[in-house]
Each structure stands twice: as C-alpha cells, then as structure tokens.
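# Structure at a glance
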Amino acid sequence: MVSPHLSGAYEKPHPWCHLTSRTGTADLTWLAVGDDRVERVLQALLSLSLPWQDNAVFVTLERAFPEGLDHRTSTRMLSGLAKRHAVGICLIALSWHEMNRYELNCYHYGAVIDACARACMWTSALQLVSTMVERNVESSAITFNATISACEKACEWEKALLLLNSMAENHIQSNTISFSAALGACKSGGMWEKALQLVAVMLHGKVELDLITCSAAISACKKGGNWEKALLILRMMVQNKMESNTSVFGAAISACDKGCEWKRALELFRSMALSDLECTTTTCGATITACETGGEWEAALKIFGMMVKGKSELDTITFNSAVSACVKGS
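All values derive from a computational prediction rather than experimental measurement. (Residues numbered from 1 in each chain as written. Predicted model: local features only at pLDDT ≥ 70, side-chain atom pairs only at ≥ 80, totals over all residues. Heavy atoms only, no water.)

Bringing the overall build of the protein into the picture now. What the protein contains, in helices and strands, is 17 helices and 0 strands. Split into buried and exposed, the 330 residues of the protein put 49% on the buried side. For the protein, the exposed area adds up to about 16,800 Å²; of that, 52% sits on carbon and sulfur atoms. (Helix = DSSP H or I, 4+ residues; strand = E, 2+ residues; numbered from the N terminus. Buried < 20%, exposed > 50% of the residue type's maximum accessible area, 1.4 Å probe, protein only. Areas by Shrake-Rupley, 256 points an atom, 1.4 Å probe, with all protein chains shown as cover.)

It is worth spelling out the packing of helix 14 (residues 262-274) against helix 15 (residues 281-293) at this point. With their axes 8 Å apart at the nearest point, helix 14 and helix 15 run at an angle of 150° to one another. As judged from the angle between their axes, helix 14 and helix 15 are roughly antiparallel. Relative to helix 15, the crossing made by helix 14 is left-handed. Within the contact between the two elements, helix 14 uses Trp262, Ala265, Leu266, Phe269 and Met272 and helix 15 uses Thr283, Cys284, Thr287, Ala290 and Cys291. Class assignment of the residues belonging to the contact of helix 14 with helix 15 gives a composition of 8 nonpolar, 2 polar and no charged. (Axes fitted to C-alpha atoms, helices over the stretch in contact; angles between N-to-C directions. Parallel < 35°, antiparallel > 145°, perpendicular 65-115°, else oblique. Left-handed = near helix turned anticlockwise from the far one by under 90°. Contact = heavy atoms within 4.5 Å. Nonpolar A, V, L, I, M, F, W, Y, C, P; charged D, E, K, R; others polar.)

For the rest of this paragraph, the subject is the side chain of threonine 283. Here threonine 283 lies in helix 15. Classification of threonine 283 as buried rests on a relative accessible area of 1%. Here threonine 280 takes part through its backbone nitrogen, which lies 2.9 Å from a polar atom of the side chain of threonine 283. Among residues more than four places away in sequence, those in contact with threonine 283 are Thr246, Gly250, Ile253, Phe269 and Met272. (Polar contact = N/O pair within 3.5 Å; in protein donor to acceptor, adjacent residues only side chain to side chain.)

With that settled, the discussion passes to the pattern of salt bridges. Per the stated rule, a full pass over the model turns up 4 salt bridges. The closest approach of N and O atoms between arginine 118 and aspartate 114, which form a salt bridge, is 2.9 Å. Note that arginine 118 and aspartate 114 are positioned in helix 5 (residues 106-118) at a spacing of 4 residues, about one turn of the helix. Using a relative accessible area of 40% as the deciding quantity, one classes arginine 118 as partly exposed. Residue classification places aspartate 114 among the partly exposed positions, given a relative accessible area of 26%. (Salt bridge = Lys/Arg side-chain N within 4 Å of Asp/Glu carboxyl O.)

Moving on, we come to the nonpolar core. Counting residues in each nonpolar core, the largest one holds 108 residues, and the members touching the most others are Leu45, Leu61 and Ile218. Apart from the residues within four sequence positions on either side, leucine 45 is in contact with Val57, Thr60, Leu61, Met77, Leu81 and Ile89. (Core = buried A, V, L, I, M, F, W, Y, C linked by side-chain atoms within 4.5 Å.)

Phi is positive for asparagine 136, close to 55°, though the residue is something other than glycine. Following the sequence through the fold, asparagine 136 ends up in the loop between helix 6 (122-134) and helix 7 (141-153). Taking the relative accessible area as the measure of exposure, asparagine 136 reaches 71% and is therefore exposed. Positive phi values are uncommon outside glycine, yet cysteine 260 reaches one of about 60°. Here cysteine 260 is to be found in the loop between helix 13 (246-258) and helix 14. Judged by relative accessible area, which is 53%, cysteine 260 ranks as exposed.

Here the focus is the environment of glutamate 261. Summarising the element assignment, glutamate 261 is placed in the loop between helix 13 and helix 14. Between the C-alpha atom of glutamate 261 and that of glycine 294, which follows or precedes it by 33 residues, the distance is 7.9 Å. Excluding residues that lie within four positions of it along the chain, glutamate 261 makes contacts with Trp227 and Cys256.

For the rest of this paragraph, the subject is the confidence of the model for the protein. Mean pLDDT over the protein: 80, with 83% of residues reaching 70 or higher. Low confidence marks residues 1-23, where pLDDT is under 50. Its contacts with residues over four positions away, or in another chain, come to 54 contacts. (pLDDT = per-residue confidence, 0-100.)

Now for the environment of arginine 84. For arginine 84, the position within the fold is in the loop between helix 3 (71-83) and helix 4 (87-99). Its relative accessible area of 32% is what places arginine 84 among the partly exposed residues.

The subject of this paragraph is the packing of helix 5 against helix 6. Running from N to C, helix 5 and helix 6 point in directions that differ by 165°, and their axes come no closer than 9 Å. Between helix 5 and helix 6, the crossing angle belongs to the class labelled roughly antiparallel. Two packed elements cross with a definite hand, and for helix 5 against helix 6 that hand is left-handed. Residue-level contacts link Cys106, Tyr109, Val112, Ile113 and Cys116 of helix 5 to Ser124, Ala125, Leu128, Val129, Thr131 and Met132 of helix 6. Among the residues forming the contact of helix 5 with helix 6, the class breakdown is 9 nonpolar, 2 polar and no charged.

Further remarks concern the state of the cysteines. Using the criterion set out here, one finds 0 disulfides in the structure. In this model cysteine 155 remains outside any disulfide bridge; the closest cysteine sulfur is found in cysteine 120, 9.4 Å from its own. (Disulfide = S-S within 2.5 Å.)

Here the largest pocket defines a volume of roughly 300 Å³. Surrounding the largest pocket, 13 residues form its lining, Leu164, Asn165, Phe179, Leu198 and Val201 being those nearest its centre. For the lining of the largest pocket, the residue count by class is 7 nonpolar, 5 polar and 1 charged. Empty space within the second largest pocket amounts to approximately 240 Å³. Looking at the lining of the second largest pocket, the elements with two or more residues in it are helix 3, helix 5 and helix 7. Across the lining of the second largest pocket, the residue classes break down as 6 nonpolar, 5 polar and 3 charged. (1 Å grid on protein atoms, 1.4 Å probe; cavity = no way out; pocket = protein on both sides within 12 Å on 5 of 7 lines; lining within 4 Å. Points joined across faces, edges and corners; volume = space filled by probe spheres on them.)

As structure tokens, then:
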C-alpha cells in the first residue's frame, strides 16, 4: 500500500542498510531512550529498504514511540526527514499521524510541504494545502510560500498565482517571498504580462522588494518591453540603498533598448561604471544595440573599443550592432 500523497519519487538507498531486518522494518532493538531518540529514529527510517511500504514505516514508528508523540517531537521528526530530502518517508510518516488521529498543526504540514517543495513535488504540496483548508488547520505564509516555490520549480505558473490569490482569501498576508516565487513561476512559464501585473500589485500594495524580486521584476519588464516600469523599480532600489548587480542593470538596459530609449540605456551603462559593477558582454551588447538604434555610432564604437581593450568575449550580435552603428554614422 502506497501513501496517497506519494507521487512515485523514490530516493537512493541509505548507507545504514545493516539496521534493516528481513521484514523491511527497521531493527530498533538498539534504540536508546534519551535526547537523541528522534535522531536515532530518523536513522532507522532512512535505513528502510526500497521501495518503501507504508506498513514498514508504520511499524517502525509504532515500535519507536509506543507511548505516542507530542507536537514538538512530531515536528522534529518530520522536519528532520524533510531536511534529509526523504520526501517519500516524510509523506508516509504524515499518513501515520493522520491514521492515529494525531492533532496536526501548520508546523507538521509545513515540514512535509517543505520536503515536497525541495523535491519539486508540487502536486503533493498542493494536496496537502487543500487538506489543511478542508480540516480547518491554521495555515501560514510559510506554508503557502513553500507550495508556491514548488510550483515555481515545476513552471506551474497558474497554480502559483491561484495559491497567491488564495492567501488573501484565507486571510494570510502575502509577503516578498510569496511574490518572488510567483514572479519566478511566471518568468519560467514565459508569462511576462502576468509577471508585470504582479509587479504592479507589489508596487501598489507596498510589498517590500528585495534583490531577487527586483531582478525577476525587471526581467519581466524587459521581456514585456516596459522600460518605464523597469527604471521605476531600479530607481526605487537606489533610493532605498538596496544592493544591485550586473543582471539587474543588464535587464533594465535591455528594456530601454527594446523601448528605443538609447539615451536612458547609455545613462544606465555609465551608472554601472560609476558603481564599479562589471560590464558583461550582455550589458555591453544591449547598450551598443540601443546606441545603434539611436544612430549614436560614436558611443557604440567607444563601448566596443572598451570591450576589445578589456578582452571581453564578443558575440555576433554585438559585433554586427557596432558595425551597423558605424555604417549609419558614416
């Protein structure tokens, strides 16, 4: 019998094979009572032979905890399995808790959802969130964020957005991590318009932006050709003295290039130099292309010369843009 939450993802055998009996149930005769009991039980569970059977995990847990478990011990065990990427055993262990009618809370479900997120098992994560809602288990932003992250890794942008919307329906405050994961899902799925809508919601709702979120947001602006919003986010980063990097400026320059705003692209490029940020082939190429579009052959040639002097890698697009700029200026 396989746990209903399992999606068929099994893991590599664990080196503690000698702890497993012929019946497939972990040998716990050596188990000592003490502070390290949870750690020893984790080792015993990880020693079970593959494929795992519900019964083997159930019997192991019943033998290890004949007196039952308290909330803290349950959470430690489930979290320990999650950190060891033992998502299969983690799901079966949760089923054992449910079968024995343990009162599960957001920490128990959160630990298992985290394991599913790490393993990109978004369907199992979603099922667990639904179970929490059905059983009126109090959810948290952490639980939803982990599930949205699982959807992000699987490029399931629709599910990620549904989860983000359901946070408000369940009176849970979405935060930077929530939007960052949802943005990442939209970005992975190529849904730049949806990503831009999220950016607008973040700016309007005064959600705190971090480097990861800003980078994803400006990338969305680049793909969507929305240079004004890209510069708005970049300006906000500067005003809030947030850390920036080459990728952020590169995406903003590309957004200006697509919007035929060569002057702004050139200003951003110069700002990079003043900020001691590395000018990569991508950022130089985007700026040269913008200058070529605006007929600024001198600026394009100067940047091209800087690339040659710095022995930067030259690609075909950059080279052709530089030549085109010079032709237009001749």
